[in-house]
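# Structural overview for review
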Amino acid sequence: MENRILVVDDEKEIREMLLKALTRLTEFRVELAGDGEEALKKIEQEDFDLVLTDLKMPKKDGLQLVADIAKSKPEILTVVMTGHGTIDSALEAMKQGASDYLLKPLNLEEMVVRLQKVLDERQRFVRLRDFAAQLERANQELKRADGMKSEFVSVASHELRTPLATIKNAIQLVLRGKAGEINETQTNFLSMADKNINRLTNILNNLLDLSRIESGRIKIKSQELDLRGLVEFILSSFKPQAEGKSIHLDMEVVEGFSPVYGDRENIEQILTNLLGNAIKFTPEGGKVSVLVNPFREEGGMVAISVRDSGIGIPEDQLEKVFKKFYQVEGSLHRSVSGTGLGLAITKGLVEASDGTIWVESEIGKGSTFTFTLPVSKGEKRDPHFRLALDGAFQRAQENFSSLTLFLIEVLDERAEAKDALLDQLEETVKKCIYRKLDIVLQREKEKILSVICEVDLQGAQVIRQRIEGEIQKHFIKDRDNPPVIKLGVATYPEEAISKRNLFRRAKEKLRS
């Protein structure tokens with residue numbers, strides 16, 4: 001397919017010379033224009049692949065033409081022609097969107113090579129763009145399939161639990177003799193069925209929990225929590241099970257650290273899963289400990305470790321233990337039944353609580369699972385912001401849609417100046433968002449402007465560019481002492497799976 005070139009120059013002799021040269025040396029289809037205005041009219045009426053323009057022309061010069069093309073027809077490439085004395089203007093044209101510049105007097109063979117190179121780069125870009133679009137479509141299909149899978153697991157789990165409960169109740173009635181006397185053999189078979197119903201119910205519950213975590217629909221109700229009391233409660237519930245294997249349980253909690261901030265039910269489930277595994281995989285007469293310490297590697301976090309004296313996990317399997325349906329190989333592990341979902345669920349719950357989890361182990365000496373939780377700093381969010389984010393996040397979860405949080409901060413020691421700038425920013429940012437339902441409000445305590453938009457990563461990038469452009473235009477450009485304005489952005493579910501995590505990620509980017 002031949003490329004269409006528009007040559008723009010106010011000197012007729014140069015236009016005709018370039019027409020003959022390009023026609024003779026290439027297979028380009030060449031059109032001519034005498035100035036920038038004529039060129040724009042031709043561009044509106046016809047399709048061109050590249051515009052080759054002189055910089056110095058009457059009416060509309062080459063620099064203005066490049067800027068206009070970049071704005072109205074960004075798919076058209078531009079190359080400028082300039083003399084040695086105007087190289088700075090050529091470099092400015094490249095900042096405006098030009099792909100290359102040629103020095104006069106022109107070397108025709110070099111010109112052809114440079115133009116072909118620019119066009120080849122464009123073709124590679126087009127192919128990459130098409131490939132990226134295909135990947136994005138495939139990614140969206142995978143997301144839809146994953147959403148359908150999660151929905152199926154959720155519905156199936158709900159639907160299966162009801163008949164299982166009915167079967168279990170019927171078996172319990174027969175075992176208690178309510179339907180007549182049964183012999184010992186019948187009792188054994190019914191007890192075996194009852195035990196397997198419990199196991200199947202646990203599997204369904206685990207699948208339901210995992211589908212909620214993976215789809216981002218897990219409910220997080222964070223609050224300040226006293227870890228000592230919570231750990232003591234969980235340990236007490238495991239005492240009968242530990243005593244049955246003569247396993248010693250103990251707890252070490254550093255005194256004086258702040259409460260953590262998290263969802264009580266989720267943290268209880270994390271500890272229950274880890275302690276249950278520790279006791280399950282620790283031989284009789286062993287020891288299981290829970291240790292709570294400040295996490296020295298990351299400020300504002302607490303580390304909770306569950307340590308056992310079991311047989312340990314092979315080093316080559318440490319990274320796999322948190323994967324779905326994975327079970328560690330080994331004689332003791334094979335003798336203990338399980339679904340391989342517990343640690344995958346645990347990892348999801350920890351990450352939903354803004355923490356991380358890892359395992360350290362040594363064969364013959366035991367394993368230590370450690371997870372972190374954020375220290376509570378008190379509730380700093382404004383009530384209006386909290387209600388707005390809670391409502392928007394819940395809608396995003398229910399509709400399997402995306403949600404983006406923007407945080408914008410003005411760095412100025414003068415409180416009055418900061419307040420005035422935030423007011424101006426609020427009005428400016430409102431013009432940059434897509435939908436009337438998107439929310440723009442100020443966080444009074446922290447003097448931060450927050451924007452809640454129901455857009456995905458791609459939409460968030462477009463809005464960010466708009467906001468940054470408006471900030472540059474109205475608050476930075478042509479000011480002797482411009483303010484420092486920073487922007488932090490995070491998107492659910494791509495970058496965060498909980499409300500708190502969404503705010504934390506946006507704030508981390510704001511402070512970076």
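Fair warning: this is a prediction, and the values are worked out from it, not measured in the lab.

About the criteria used
Residues numbered from 1 in each chain as written. Predicted model: local features only at pLDDT ≥ 70, side-chain atom pairs only at ≥ 80, totals over all residues. Heavy atoms only, no water. Helix = DSSP H or I, 4+ residues; strand = E, 2+ residues; numbered from the N terminus. Axes fitted to C-alpha atoms, helices over the stretch in contact; angles between N-to-C directions. Parallel < 35°, antiparallel > 145°, perpendicular 65-115°, else oblique. Left-handed = near helix turned anticlockwise from the far one by under 90°. Contact = heavy atoms within 4.5 Å. Nonpolar A, V, L, I, M, F, W, Y, C, P; charged D, E, K, R; others polar. Salt bridge = Lys/Arg side-chain N within 4 Å of Asp/Glu carboxyl O. Buried < 20%, exposed > 50% of the residue type's maximum accessible area, 1.4 Å probe, protein only. Patch = residues over 30% accessible without salt bridge, like charges linked within 9 Å, V, L, I, M, F, W, Y side chains within 5 Å. Areas by Shrake-Rupley, 256 points an atom, 1.4 Å probe, with all protein chains shown as cover. Lys, Arg positive; Asp, Glu negative; His and termini not counted. Charge placed at Lys NZ, Arg CZ, Asp CG, Glu CD. Pairing = 2+ DSSP bridges. Core = buried A, V, L, I, M, F, W, Y, C linked by side-chain atoms within 4.5 Å. Phe/Tyr/Trp six-rings, centres within 6.5 Å; stacked < 30°, edge-to-face > 60°. Lys NZ or Arg CZ within 6 Å of the ring centre and 35° of its normal.

Glancing now at unusual backbone geometry. Here the amide bond leading from Lys104 into Pro105 is cis, since omega sits at 0°, within 30 degrees of zero. For Pro105, the location among the structural elements is in the loop between strand E5 (100-103) and helix H5 (108-175). In this model, Tyr492 is joined to Pro493 through a cis peptide bond whose omega is 0°. Positionally, Pro493 belongs in the loop between strand E16 (484-492) and helix H14 (499-511). With a phi close to 65°, Lys59 is a non-glycine residue in the positive phi region. Tracing the backbone shows Lys59 in the loop between strand E3 (50-54) and helix H3 (62-72). Located in the positive-phi region is Ser246, a residue other than glycine, with phi close to 55°.

What follows is about the packing of helix H2 (residues 36-45) against H3. H3 packs onto H2 with a crossing angle of 20° between their chain directions and a minimal axis gap of 10 Å. The pairing of H2 with H3 is recorded here as roughly parallel in orientation. Note that H2 runs across H3; the crossing there is right-handed. Note on element contacts: H3 touches H2 through Leu65, Asp68 and Ile69, opposite Gly36, Ala39, Leu40 and Ile43. Class assignment of the residues belonging to the contact of H2 with H3 gives a composition of five nonpolar, one polar and one charged.

So, about the pattern of salt bridges. Applying the stated criterion across every chain yields a total of 20 salt bridges. Residue Arg264 is joined to Glu268 by a salt bridge in which the shortest nitrogen-to-oxygen separation is 3.0 Å. Residue Arg264 and its partner Glu268 are both found in helix H8 (residues 264-280); the two are separated by four residues, about one turn of the helix. Its relative accessible area of 18% is what places Glu268 among the buried residues. Between Lys347 and Glu351 there is a salt bridge; the shortest N-O distance is 2.6 Å. One end of the pair, Lys347, and the other, Glu351, are both in helix H10 (residues 342-352), four residues apart, so they sit about a helical turn from each other.

This paragraph deals with the side chain of Ser367. For Ser367, the location among the structural elements is in strand E12 (residues 366-374). Residues contacting Ser367, with those up to four places away along its chain left out, are Val306, Arg307, Asp308, Gly312, Ile313, Glu360 and Ser361.

One can describe the packing of H8 onto H10 by two numbers: an axis separation of 9 Å at closest approach and a directional angle of 145°. Handedness of the H8/H10 crossing: left-handed. Touching Asn266, Gln269, Ile270, Asn273, Leu274 and Asn277 of H8 are Gly342, Leu343, Ile345, Thr346, Leu349 and Val350, all from H10. Class assignment for the residues of the contact of H8 with H10 results in six nonpolar, six polar and no charged.

We now examine a positive patch on the surface. A cluster of like positive charges, contributed by Lys71, Lys431, Lys473 and Lys477, occupies part of the molecular surface. As for its placement among the helices and strands, Lys71 is situated in helix H3. Lys71 gets classed as exposed once you look at its relative accessible area, which sits at 76%.

It is worth spelling out the sheet that holds strand E4 (residues 77-82) at this point. Taking strand neighbours across the sheet as the criterion, the five strands line up as E2-E1-E3-E4-E5 in an open arrangement whose pairing is parallel. The open sheet has two edge strands, strand E2 (29-33) and E5, and neither has a second partner. Between one strand axis and the next, the sheet turns through 20° on average, direction left out of account. Contacts from H2 reach strand E1 (4-8), E2 and E3 within the one sheet, and its direction differs from that of E2 by about 135°. Those strands touched by H3 are E1, E3 and E4, and its axis lies near 160° from that of E3.

On to the sheet that holds E12. Pairing is mixed in the open sheet, where five strands are placed in the order E7-E9-E10-E12-E11. Strands at the two margins of the open sheet, each flanked by one partner only, are strand E7 (248-253) and strand E11 (357-362). Along the sheet, successive strands turn relative to each other by an average axial angle of 15°, direction set aside. As paired elements, E7 and strand E9 (residues 287-294) share six bridges and run parallel to each other. Looking at E9, one finds that Leu249 is bridged to Val288. Where helix H7 (residues 227-244) meets the sheet, its contacts fall on E7, E9 and strand E10 (301-308), and the angle it forms with E7 comes to roughly 175°.

Here we take up the pairing of E16. With respect to burial, E16 is a largely interior element, seven of its nine residues being buried. Relative to E16, strand E13 (residues 403-411) runs antiparallel, the two sharing nine bridges. Bridge pairing links Leu411 to Val484 in E16.

As a further point, take the nonpolar core. Counting 43 residues, the largest nonpolar core has Leu271, Ile304 and Phe371 as its most contacted members. Apart from the residues within four sequence positions on either side, Ile304 is in contact with Leu227, Leu271, Val290, Leu291, Val292, Phe369, Thr370, Phe371 and Leu373. By size, the runner-up hydrophobic cluster in this structure holds 22 residues, among which are Leu421, Ile463, Ile471 and Leu487.

Let us look at the pairing of E13. Most of E13 sits inside the fold, with eight of its nine residues counted as buried. Alignment of E13 against strand E15 (residues 448-453), held across six bridges, turns out to be antiparallel. When the bridges of E15 are listed, Glu409 appears paired with Ile448.

All right, on to the packing of aromatic side chains then. All chains considered together, the criterion is met by three aromatic pairs. Centre to centre, the rings of Phe322 and Phe369 are 6.0 Å apart; their planes meet at 85°, and the pair counts as edge-to-face. Remark: Phe369 occurs in strand E12 and Phe322 occurs in the loop between E10 and helix H9 (331-335); sequence separation between them is 47 residues. This pair shows no difference in class: Phe322 is buried, exactly as Phe369 is. The side chain of Arg4 reaches across the aromatic face of Phe48, ending 4.9 Å from its centre.

Read these as geometric descriptors, not functional statements.
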